[in-house]
Amino acid sequence: MSRSIPWPELWQGYEERTSRTIVGDLTSEVRSYAGGNTGEPDDTISLAIVGAEAARATVDALDHEWALYTPEQAAVLTAALFAQVDAAGIALQRLCRLLAQVEGRGDCAPADRAHELIKAAADDLLSVAPTHAEAVVGELAALPATVTLPSGPHDTIAAVAEILGGSLKARHEPGEQGDDSDGCGCSIELDKDGRPHWVFSRGDSRWYLLVIDEGEPQSDGNVVCTNSIDLDLSDPCPHPEHLAAEVRALL
Ligand SMILES: [Zn+2]
C-alpha cells in the first residue's frame, strides 16, 4: 500500500477492496440515516449511542491477540479511528448551532457557558486528525509486512495442517484454491491417543471440526463423523497461526 494514498481513502475504500460483506452488514441500518435523513431527537440520540457502542466494541475487539494481522490492516483501522474523532468534533460544532436554534425558539435559557465549553471541546477534537492522522496512518501503511497470508482456502488449510502436524486429505489437483464459501474440499485428520479423532475442514462459509465416530470406517475407507463444531472465525484466508490456535482451543 502506498503512503501517498490520503488517509480518509484507506477506510472509505476498504469495503470495495475486500470480498467480504461485513462492513455493509454492520452499517446497513446506519446508512439509511446518512445525508441528514433524520427528523426527530430519538433518531439523533440513537445514532450517537450506536456510534459510541461501536467505538467501545472496537476497544474490546482490539483486546484479541489476532484482531489484526498486518500493518496495512492497522493503517485502515487507525484511519477509521481518526475519522471517528474528526466526526465527533464536527458533531459538537453542529450541536452548538442546534443549541442556538433551541435558544432562538425560546425553548431554553441563554447557554453562553455551554457554547463556550462545547466549542473548546470541538476545537480540541478537530485538531487531532490534522496533527496526527497523516503521519501515523502513513507510517503504518508504509511498514512492510513480513507475513504472507494464504491466497485461498487450500493454502490456508495446508498451512494449518503443517502447523498442527495433521494429515492433509487432498481432494483436488495441485494449484486449485477452491471457493471462499465452500472451501477446497480438502480436510485435515487430527489424532488423539494415536488414532484419528477429528476432521477439520471448510464449508458453508465456516471452518468446522468434526468428531470421528469410533466405529468402523465406511467400505470406501472414508470415516464417519458425528458432532460438528463451528469455529468463531469465518474468514476463508485467515492467518494460519490464528486458525490453528482456534482449532487447538477446541481439541
Ligand atoms: Zn485443497
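1. Quick word on the nonpolar core
And then number 1: In this structure, I157, V160, I188, W198, F200, L243 and V247 are the most contacted members of the largest nonpolar core, which totals 16 residues.
And then number 2: For this core, the secondary-structure elements that each account for two or more residues are α7 (153–164), β2 (187–192), β3 (195–203), β4 (206–212) and α8 (240–250).
And then number 3: By residue number, the principal contributor to this core is α7, which donates four residues.
And then number 4: Here W198 is in contact with L190, L209, L210, V211, I212 and L251, once residues within four sequence places are set aside.
And then number 5: Core analysis: the next-biggest nonpolar cluster, separate from the first, contains twelve residues, L10, W11, A133 and V137 among them.

2. Considering the domain arrangement of the protein
And then number 1: Per the domain assignment, the segments making up the protein are domain 1 (7–142) and domain 2 (153–250).
And then number 2: Placing the centre of domain 1 and that of domain 2 at their C-alpha centroids yields a distance of 40 Å.

3. Observations regarding the pairing of β2
And then number 1: One ladder, built from three bridges, connects strand β1 (residues 167–169) with β2; its direction is antiparallel. If you follow L168 over to β2, its bridge partner there is I188.
And then number 2: Judged from the five bridges that link them, β2 and β3 form a sheet pairing that is antiparallel. Bridging across to β3, L190 finds its partner in W198.

4. Let's talk about the sheet that holds β3
And then number 1: Pairing is antiparallel in the open sheet, where five strands are placed in the order β1-β2-β3-β4-β5. Only two strands of the sheet have a single neighbouring strand rather than two, namely β1 and β5 (225–230). Neighbouring strand axes in the sheet, compared pairwise and without regard to direction, differ in orientation by 30° on average.
And then number 2: Of the strands in this sheet, β1, β2 and β3 are in contact with α7, which crosses β2 at around 15°.

Each value, and the rule that gives it
Residues numbered from 1 in each chain as written. Predicted model: local features only at pLDDT ≥ 70, side-chain atom pairs only at ≥ 80, totals over all residues. Core = buried A, V, L, I, M, F, W, Y, C linked by C-beta atoms within 7 Å. Buried ≥ 20, exposed ≤ 12 C-beta atoms within 10 Å, placed from the backbone. Helix = DSSP H or I, 4+ residues; strand = E, 2+ residues; numbered from the N terminus. Contact = placed C-beta atoms within 7 Å. Domains from an automatic or database assignment. Pairing = 2+ DSSP bridges. Axes fitted to C-alpha atoms, helices over the stretch in contact; angles between N-to-C directions.

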